[in-house]
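Fold and contact review
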Amino acid sequence: MLTVRGISRSFGDHRVLEDISFDVKPGRMTGFLGANGSGKTTTMRIVLGVLAAHGGTVSWQGTEIGPQHRPDFGYMPEERGLYPKMKVRDQIAWLGRLHGLDRATAEASTDALLADLELGDRAGDRLEELSLGNQQRVQIAAALVHEPDVLVLDEPFSGLDPIAVETVLDVLRKRAANGVPVLFSSHQLAIVERLCDDVVIISKGRIAAKGSRDHLRRSRAGERYEIVVEEDAGWVRDVPGVTLVELDGPRAVFESVPQQVLKAAVDRGEVRSFTPVVPTLDEIFKEVI
Amino acid sequence: MARTSFAQATWLVAEREMRTFLTTKGFWIGFIVTIAGLFALTVLPTAFGGDDPKVAVVGSASRVVEGKPLDVREVATVEEATELVRSDDVEAAIVPDGAGVKVVALNDPPSGVISQLVDAPPVELLEPSEVSSAQRSVTVIVFGLVFLMFGMGGAAIAQSTVTEKQTRIVEILVSTVPVRALLAGKILGHVILTLAQVVVLALVAPIALRVAGLSELLAVVVPALGWFVPFLMFGFVLVSSMWAVAGALVSRQEDLGSTMGLVMLAVMGPYFAVQIFFENPAVLAVMSYVPFTAGIAMPVRMFAQQAQAWEALVSLGILAATVAVILLVASRLYTGSLLQTGGRVKLSKAWAPAE
């Protein structure tokens, strides 16, 4: 498990991170959300040791992370870039060797990854000859070539078309399924909603919310329910103790006394659906930041 | 997973650096031009400079040129001879003047012609130099140019460093291997490349001299080359560490110009200093101990047989010590500035301990 505890960091007088703590659990995709400038990238750079923290610790399997661990990490920096003039396969294999693989293993791993990322036919091209979306996939390959123990990816999906997102997602899921903790940041909430297991939301340098995606949504559900009945649901407002939030023909959203409302509805006729209203990640995000 | 040792990481960086450099067209073009230039410099002077001076001779003056190595053209009148001088068809005219002769030339006394007409007194050299001053100036030019070429070639290190900063691959690199391994690898890669080029040039130079018919010079040049190579290599490490810092201080290729000035000065300054002062033994002797100029000045002195082997060794020692110090300074500056982006990093900020 990757453990971040009490990280803080300033640039000059400006405090950009304050007491950031969260875990990235093995085998789980952890989405790291936050508005622009909220501290996502700074946090990730600190985890990778590219930037020093002004307080707090980052540990891997209980030991504080040092340079000896980092070659086992896979990192995709926020601002993309590999060597523009180097051939794709040479470049990825070289990075694999730099991370400690021998030449044969690095090349085999490169070929397998490029095939998985559907880049096999571009292996001999220079990076700069590829489209931006394809360069992005090469960047993913660069983070994965050495079969890292931990993956830290800054905005891995930005700039990818929906099909490429699926391709990359498959590759990442495969790693997560093998027990690798995956931390990835994104501002595309729909994607995060769909693919992450855990969520960490950061706002103005502080943790605003964290936990498993489902737990987070349920815990934020509050006392709000939605009922859909056969005919007009206007009667809901007459149930004692109820607060009607929204009424739209046979559909009503209300707060408090759910059992009484349900009972009344059943007495009146058919109930089409009755559910607690679970906020989307988007709604939670807007609420907490 | 197996760890990459510092040495392995350095070698991997060096290997990539060399491979990248060897696949650029500019490198090969530059190298071929250099070899061609070397041939031109040694072969051309003998091809063009060997002719006898042309003179026009009038009447009785012809007796003084008999049997002399001059290209003589006899004309009838003094006016005709003067005209040939004016039109630059001959270097000088030799015309009767009273009982003797007079030499007519355009604007300078034609020393080559005059020396043929007078009986020079015998000369005895107490310490004959095996190397003529012409040969020495050729050596100064060649050593200087080679040094300049490789020194400026070090700019490739600055460029490759900026590329890494600009593309941010540097973040992946520093999270993988020590920053010092990056610096060491870059310098090592370019030192090997330079050494390989020098070896090729050192093999080609004797061939060029032989083609030019200067075989006797070969005996003098070869030992001097033996000194030039170590000086060149240490000098190259010195400037390459500076180039690396120049690259690390900026974030974009376009800004490189602002930090390259000092390094260019450190490369070109010595070149010009030696070109200007090489005739002055005292200044040359001082320059042969100053680390930046030693790379050219000491091998030139060795070539001209003005210095003893121990002097070269002392100078090489000073140079090596300077290299060690500069490397330490450069590695701190490089580490301090590599991850700083946005604009140019001030030296003081690069030097400051990491936050």
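Residues numbered from 1 in each chain as written. Chains lettered and ligands numbered in written order. Predicted model: local features only at pLDDT ≥ 70, side-chain atom pairs only at ≥ 80, totals over all residues.

1. A few points about the environment of B:Met298
Residue and element names in this part refer to chain B. The criterion, for reference: A run of H or I in DSSP becomes a helix once it reaches four residues, and a run of E becomes a strand once it reaches two; helices and strands are each numbered from the N terminus. This entry defines residue contacts through backbone-placed C-beta atoms, with two residues in contact when those atoms are within 7 Å.
Here Met 298 is to be found in helix H13 (residues 291–303). Met 298 sits 222 residues away from Ala 76 along the chain, and the two C-alpha atoms are 56 Å apart. When residues no more than four places from it in sequence are discounted, the contact partners of Met 298 are Trp 227, Phe 231, Ser 288, Ala 307, Ala 312 and Ser 315.

2. Some remarks on the nonpolar core
Operational definition: The term nonpolar core refers to a set of buried Ala, Val, Leu, Ile, Met, Phe, Trp, Tyr and Cys residues connected through C-beta atoms within 7 Å. Counting other C-beta atoms within 10 Å of a residue's own tells you its class, since 20 or more makes it buried, 12 or fewer makes it exposed, and anything in between is partly exposed; those C-beta atoms are placed from the backbone.
Ranked by internal contacts, the top residues of the largest apolar core, which has 143 residues, are A:Ile92, A:Ala141, A:Ala142, A:Val152, B:Ala244, B:Val245 and B:Val300. No other element matches the 16 residues that helix H10 (residues 215–248) of chain B contributes to this core. Judged by nonpolar contacts, the second largest core, of 15 residues, contains B:Val55, B:Val57, B:Leu84 and B:Ala92.

3. Some words on the UniProt feature "domain: ABC transporter" (unreviewed entry) in chain A
Put simply, the rule reads: UniProt positions are given in the numbering used here, feature names are shortened, and annotations may be inferred rather than shown by experiment.
UniProt records the feature "domain: ABC transporter" (unreviewed entry) at residues 2–229 of chain A, using the numbering of this structure. Along residues 2–229 of chain A one finds 33% helix and 29% strand; the C-alpha atoms at either end are 48 Å apart.

4. Some words on the domain arrangement of chain B
When the parts come together, some accessible area is lost, and that loss is often what is quoted as the size of the interface. We count it as follows: These domain limits were set by an automatic method or by a database of domain assignments.
When cut into domains, chain B gives domain 1 (6–45 + 131–351) and domain 2 (54–117). Look at where the C-alpha atoms of domain 1 of chain B and domain 2 of chain B centre, and you get two points 51 Å apart.

5. Observations regarding unusual backbone geometry
Residues other than glycine predominantly adopt negative phi, and peptide bonds predominantly adopt the trans conformation. Residue and element names in this part refer to chain A. Within the chain, Glu 147 stands out as a residue other than glycine whose phi angle is a positive 50 degrees. Examined against the element boundaries, Glu 147 turns out to sit in the loop between helix H4 (132–144) and strand E7 (150–153). The class of Glu 147 is partly exposed, set by 17 C-beta atoms lying within 10 Å. One non-glycine residue, Val 257, adopts positive backbone phi at about 35 degrees. Here Val 257 lies in the loop between strand E13 (251–255) and helix H8 (258–268).

6. Some thoughts on the domain arrangement of chain A
Partitioning chain A into domains gives domain 1 (2–218) and domain 2 (222–279). Put simply, the middle of domain 1 of chain A and the middle of domain 2 of chain A, counted by C-alpha atoms, are 44 Å apart.

7. Let's talk about helix H2 (residues 88–98) of chain A
With 10 of 11 residues buried, H2(A) is to be regarded as a mostly interior element. Within H2(A) the residues assigned to the buried category are A:Val88, A:Arg89, A:Gln91, A:Ile92, A:Ala93, A:Trp94, A:Leu95, A:Gly96, A:Arg97 and A:Leu98. Against the buried residues of H2(A) lie helix H3 (103–116) and H4 of chain A together with helix H1 (6–22) and helix H8 (169–174) of chain B.

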